[in-house]
Amino acid sequence: AASLQGRDVLTLLDFSPEEIYALLQSAEELKAQQKEGKCPQLLAGKSLGMIFENSSTRTRVSFEVGMTQLGGHALFLSPRDLQIGRGEPIKDTAKVLSRYVDAIMVRTNSHEKVAELAEHADVPVINALTDWYHPCQALADLLTVKEQKETLKGLKTAFVGDGNNVAHSWMIACAKMGMDVYVATPSGYEPNEEVVKEVEEIATSTNSKVVLTQDPVEAVKDADVIYTDVWASMGYEEEQTRREESFKGFQVNSDLVNNAKDDYIFLHCLPAHRGEEVSAEVIDGPQSVVYDEAENRLHVQKAILAATIK
Ligand code: CP
Ligand code: NVA
């Protein structure tokens, strides 16, 4: 396994391209072994605490199953049941959980909360989605692209839609691995400026491009990879109607993907809304790899857990 013992996984900004590559390689090995019915018991006797303030299908199930496959155990912790939900400080929660479990995974709207938890925890803290980032998703996306295209460097990728958490992590992942990333959003829904600045710096060092545009056609023109995500993320549900209006023209559909390379692949982190950010024809079509992408969450998370837990 890649060795990142004791490291937190809050954002891919903290990882070098070599470290990301090592995680992908470890995920590929674990995947190949699992397909042969082998599950190395790398985390026998270890426990993962999973705090979910928001809903989840993929993240929860893949982390829990991943721990089981590696010989360890995962605990699903809801804030409805934890004392944190009744106001116990994050610091005390972090300190106490660190005395029981070997790593903490957390999904919450607030990136600051995860950072505070990580600051006080004595075990690795893994970000399972915040308002800013979704690093485990981006690693699964990279693995999926690598499987389909064999190489990452030099590819053109397009993210079309909301400049959200998934867009941020995808931009970071692309810049780190030397892929060009075009991000098409409506005005007012651009990715966060600070994140863009950091991504631009990384892209300079890997000789790749970061382009923000309001023109989806420019973004997907000759693209190898087209990625989209929901228009209204968790926490923004009440903006749904306004966003449907703002995002008109940003649907990934047959007309739009016709501008991409013939062998483009379609990514979506899921859950998806057919008829909104993507047409059924595209997401259910032959160039969509969304279920491989979802499966790969399991393999990359096993790689992350095996690498970070002491
Ligand atoms: N893609 C993703 O993180 O899915 P869940 O919200 O179901 O975990
Ligand atoms: N951007 C979405 C991703 C869900 C996995 C959200 O934050 O709700």
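Here is what the cut-offs are and how they apply
Residues numbered from 1 in each chain as written. Chains lettered and ligands numbered in written order. Predicted model: local features only at pLDDT ≥ 70, side-chain atom pairs only at ≥ 80, totals over all residues. UniProt positions renumbered as here; feature names shortened; annotations may be inferred. Pairing = 2+ DSSP bridges. Helix = DSSP H or I, 4+ residues; strand = E, 2+ residues; numbered from the N terminus. Axes fitted to C-alpha atoms, helices over the stretch in contact; angles between N-to-C directions. pLDDT = per-residue confidence, 0-100. Near = placed C-beta within 6 Å. Nonpolar A, V, L, I, M, F, W, Y, C, P; charged D, E, K, R; others polar. Domains from an automatic or database assignment.

An unreviewed UniProt entry annotates the chain as Ornithine carbamoyltransferase originating from Thalassorhabdus alkalitolerans. Taken from UniProt, the Catalytic activity (unreviewed entry) comment for the chain reads in full: "carbamoyl phosphate + L-ornithine = L-citrulline + phosphate + H(+)". Under the UniProt heading Sequence similarities (unreviewed entry), the note attached to the chain is "Belongs to the aspartate/ornithine carbamoyltransferase superfamily. OTCase family."

Peer 1: It is not clear to me how the sheet that holds strand β5 (residues 156-160) should be interpreted in this structure. Could you clarify?
Peer 2: Whenever strands of a sheet pair, they do so through backbone hydrogen bonds, lying parallel or antiparallel. In spatial order, the strands read β7-β6-β5-β8-β9; together these 5 strands make up an open sheet with parallel pairing. Of all the strands in the sheet, just β7 (210-213) and β9 (265-268) have a single pairing partner and so form its edges. For this sheet, the mean angle separating the axes of adjacent strands, direction not counted, is 20 degrees. As paired strands, strand β8 (residues 225-228) and β9 are joined by 4 bridges and run parallel to one another.

Peer 1: Would you mind going over the UniProt feature "domain: Aspartate/ornithine carbamoyltransferase carbamoyl-P binding" (unreviewed entry) in the chain with me for this structure?
Peer 2: Under the present numbering, the feature "domain: Aspartate/ornithine carbamoyltransferase carbamoyl-P binding" (unreviewed entry) in UniProt falls on residues 7-147. With 46% helix and 13% strand, residues 7-147 has its two end C-alpha atoms placed 26 Å apart.

Peer 1: What exactly am I supposed to notice about the confidence of the model for the chain here?
Peer 2: Low-confidence regions, as indicated by low pLDDT, have predicted coordinates that should not be scrutinised in detail. Residues at a pLDDT of 70 or more form 100% of the chain, whose mean pLDDT is 97. Across the assembled chains, the prediction reports ipTM 0.99 with pTM 0.98.

Peer 1: Quick question: what am I supposed to make of the UniProt feature "domain: Aspartate/ornithine carbamoyltransferase Asp/Orn-binding" (unreviewed entry) in the chain here?
Peer 2: Those places that UniProt annotates as "domain: Aspartate/ornithine carbamoyltransferase Asp/Orn-binding" (unreviewed entry) correspond, in this numbering, to residues 153-307. Annotated as 42% helix and 14% strand, the span residues 153-307 places its first and last C-alpha atoms 24 Å apart.

Peer 1: Before we go on, may I ask you to explain the site of ligand 1 in this structure?
Peer 2: Close to ligand 1 lie Ser56, Thr57, Arg58, Thr59, Leu129, Gln137, Cys269 and Leu270, which account for all nearby residues. Split into classes, the residues belonging to the shell around ligand 1 amount to 3 nonpolar, 4 polar and 1 charged. The two domains that each donate at least three residues to the shell around ligand 1 are domain 1 (12-133 + 297-308) and domain 2 (137-293).

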